[in-house]
Amino acid sequence: EDIRSFTEFSLSFFLTLVTSFIDLVAFSFILFSIMPELFFAIFAFASIGTVLTIFIGKVLIRLNYESLHKEADFRFSLVRVRENAESIAFYQGEKVEEREADRRFKLVIANMIS
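Each chain has its residues counted from 1, running along the sequence as written. Reporting in this predicted model follows two pLDDT cut-offs: at least 70 for local features of residues, and 80 or more for side-chain atom pairs to be given and counted; totals over whole chains, interfaces and linings ignore these cut-offs and use all residues. Just so you know, side-chain values use all the structure's heavy atoms and leave hydrogens and water out.

Q: Sorry, what's going on with helix α4 (residues 94–113) here?
A: Counting along an α-helix, one turn takes 3.6 residues, and residues three or four places apart therefore face a common direction. With 20 residues, α4 extends 28 Å from end C-alpha to end C-alpha; this agrees with the ideal 28 Å at 1.5 Å per step. In this scheme, a residue with accessible area under 20% of its type's maximum is buried, one over 50% is exposed, and one in between is partly exposed, where area comes from a 1.4 Å probe on protein chains only. The secondary structure listing takes helices from DSSP runs of H or I that are at least 4 residues long and strands from runs of E that are at least 2 residues long, numbered from the N terminus. The complete set of buried residues in α4 reads E97, A101, R104, V108 and N111. One side of α4 holds all its buried residues, which, seen down the axis, span an arc of 80°. Opposite its buried face, α4 presents the exposed residues K95, E98, R99, K106 and I113, each directed more than 90 degrees away. A contact between two residues is defined here by any heavy atoms of the two lying within 4.5 Å. As for α4, its buried residues are in contact with α2 (36–83) and α3 (85–90). For a helix, the expected span equals 1.5 Å multiplied by the number of residues minus one. As used here, the arc is the angular range of directions from the helix axis to the C-beta atoms.

Q: What exactly am I supposed to notice about the packing of α2 against α4 here?
A: Think of two packed helices as two axes; the pair is described by the angle between the axes and how far apart they sit. Axes here refer to lines fitted to C-alpha atoms; in helices the fit is confined to the stretch in contact. Angles between the N-to-C directions go from 0 to 180 degrees. Interaxial distance between α2 and α4 falls to 9 Å at its minimum, and their mutual angle equals 160°. Relative to α4, the element α2 is oriented roughly antiparallel. Where α2 crosses over α4, the handedness of that crossing is left-handed. Together, E66, S67, K70, E71, D73, F74, F76, S77, R80 and V81 of α2 and E97, A101, R104, F105, L107, V108, N111 and M112 of α4 make up the contact between the two elements. Grouping the amino acids of the contact of α2 with α4 by side-chain chemistry returns eight nonpolar, three polar and seven charged. For this classification, under 35 degrees means roughly parallel, over 145 means roughly antiparallel, 65 to 115 means roughly perpendicular, and everything else is oblique. Two helices crossing with the near one rotated counterclockwise from the far one by less than a right angle form a left-handed crossing, whereas a clockwise rotation gives a right-handed crossing. Note on residue categories: nonpolar means Ala, Val, Leu, Ile, Met, Phe, Trp, Tyr, Cys or Pro, charged means Asp, Glu, Lys or Arg, and polar means any other residue, Gly included.

Purely geometric stuff here, so don't read any function into it on its own.
Following this line, the structure appears as structure tokens:
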């Protein structure tokens, strides 16, 4: 099933890419034959937009990674408490675990606010 899903997605992506490329070339020739200045203006606009998107995207990727990392740390601390609840209770480590979970939760909240 995974192989079928991967194959379908890959084929769909490839066909979309080929169709988009053919459309781009065809409409570029048509636009260039009608008004070359507009063609160059649109090409410059698209190039600038692509460059800006790449720069902004790099920042967003880093921020998303940090957010996912903090949320995963928090979930890990909760799972660890659940799995080791008996030992934590036996050694009276509730306060330590509560402080640690609270600290990680505050990091998640601070990340969401900023």
